[in-house]
Amino acid sequence: MSGKGRPRSFDRDEALRQAMLLFWQKGYDGASLAELTAAMGINSPSLYAAFGCKEALFREAVDLYSATEGIDIWGAFNRPGSVKQAVADFLRASARAFSEPGDPRGCLIVLGALNASETNREVFNDLSARRLAGARQLEERLKAAAEEGELPAAADPAGLAAFIIAVQQGMSVQARDGVGREALLAVADGAMAAWDALTGRSPAA
C-alpha cells in the first residue's frame with residue numbers, strides 16, 4: 001500500500017485567497033467557519049487538514065495580504081528617490097489600495113481585529129505586532145534620511161512616523177465607512193502639504 005496521502009481535491013492557493021477576502025471584509029471574529037468553508041469551497045475537515053485551525057488560516061491569509069495587496073504600499077520605501085517622495089507614494093498607494101473597486105475596503109491588518117477578546121487575543125496581538133513593525137520600518141527609513149542630511153536636524157523621525165501611520169490607518173477606517181478614492185487621495189496630499197512644517201523646514205502655519 002502506498003504511503004502517500006490522497007491528493008487534495010481543491011486549489012489550496014485559491015482557497016486561501018477566498019479566505020483572505022472574507023477575513024478582509026468581515027474581520028477575524030465576523031467570519032464564521034461556515035462562511036469560510038463556503039467561500040473556500042471546502043468542508044471543515046479539509047480546512048483543518050490544510051490549514052490547521054481558523055487562527056492559523058487567518059495568519060496565512062494576512063501573510064498573503066501583505067505579499068500581494070500590501071506590496072505596492074510598503075514597496076514605496078524600497079524604491080530609489082527621496083524620503084518625501086517615498087512617503088507621498090506610500091500614502092497615495094494606501095488610498096488607492098483601500099478603495100480598489102471589487103475588493104473589500106480598508107486594510108485587513110488595520111481592521112482585522114481591532115478589539116482583543118478571550119477568543120481572538122492571539123490574533124489581535126499578531127495584528128498589533130504587524131502594525132508596530134510597519135511603524136518601525138517607516139521610522140528607520142526616516143532616521144536614515146536624517147542621518148544622511150536629507151531631513152533637517154530638527155526633524156523628529158519617531159513623531160513623523162507616528163503622524164504618517166495615523167494618517168494611513170485613518171484612511172483605512174474612512175475607506176471602510178465608504179469614503180471615496182478621490183477624498184482619500186486628498187487626505188494623502190493634505191498630509192504631504194504639511195511635510196515642511198513637520199520636518200522642521202518651516203514653522204507651522
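Residues numbered from 1 in each chain as written. Predicted model: local features only at pLDDT ≥ 70, side-chain atom pairs only at ≥ 80, totals over all residues. Heavy atoms only, no water.

Trainee: I'd like a description of the pattern of salt bridges, backed by residues and values.
Mentor: Counted under the stated rule, the structure contains eleven salt bridges. The salt bridge partner of Arg92 is Asp189, with a shortest N-O separation of 2.8 Å. With a gap of 97 residues between them, Arg92 in helix 6 (residues 83-97) and Asp189 in helix 10 (residues 181-193) connect regions that are remote in the sequence. For Arg181, the salt bridge is made with Glu100, and the minimal N-O distance between the two is 2.9 Å. Of this pair, Arg181 sits in helix 10 while Glu100 sits in the loop between helix 6 and helix 7 (108-111), placing them 81 residues apart in sequence. A single salt-bridge network, built from bridges that share partners, covers Glu55, Arg59, Asp63, Asp126 and Arg130. (Salt bridge = Lys/Arg side-chain N within 4 Å of Asp/Glu carboxyl O. Helix = DSSP H or I, 4+ residues; strand = E, 2+ residues; numbered from the N terminus.)

Trainee: Would you mind going over the packing of aromatic side chains in detail, with residue names and values included?
Mentor: Applying the stated criterion across every chain, the model contains seven aromatic pairs. Ring geometry for Tyr28 versus Phe58: centroids 5.2 Å apart, planes at 75 degrees, classification edge-to-face. Note that Tyr28 is positioned in helix 1 (residues 12-30) and Phe58 in helix 4 (residues 54-68), a separation of 30 residues in sequence. On the accessibility criterion, Phe58 (0% relative accessible area) is buried. Here Phe77 and Phe90 contribute two aromatic rings whose centre-to-centre distance is 5.1 Å and whose plane-to-plane angle is 45 degrees, an arrangement assigned as tilted. Of the two residues, Phe77 is situated in the loop between helix 5 (71-74) and helix 6 and Phe90 in helix 6; the sequence distance between them amounts to 13 residues. The residues Phe77 and Phe90 share a single accessibility class, namely buried. Here the aromatic residues Phe23, Tyr28 and Phe58 are joined through ring pairs into a cluster of three or more. Sitting over the face of the ring of Tyr28, Lys54 holds its NZ or CZ atom 4.5 Å from the ring centroid. (Phe/Tyr/Trp six-rings, centres within 6.5 Å; stacked < 30°, edge-to-face > 60°. Buried < 20%, exposed > 50% of the residue type's maximum accessible area, 1.4 Å probe, protein only. Lys NZ or Arg CZ within 6 Å of the ring centre and 35° of its normal.)

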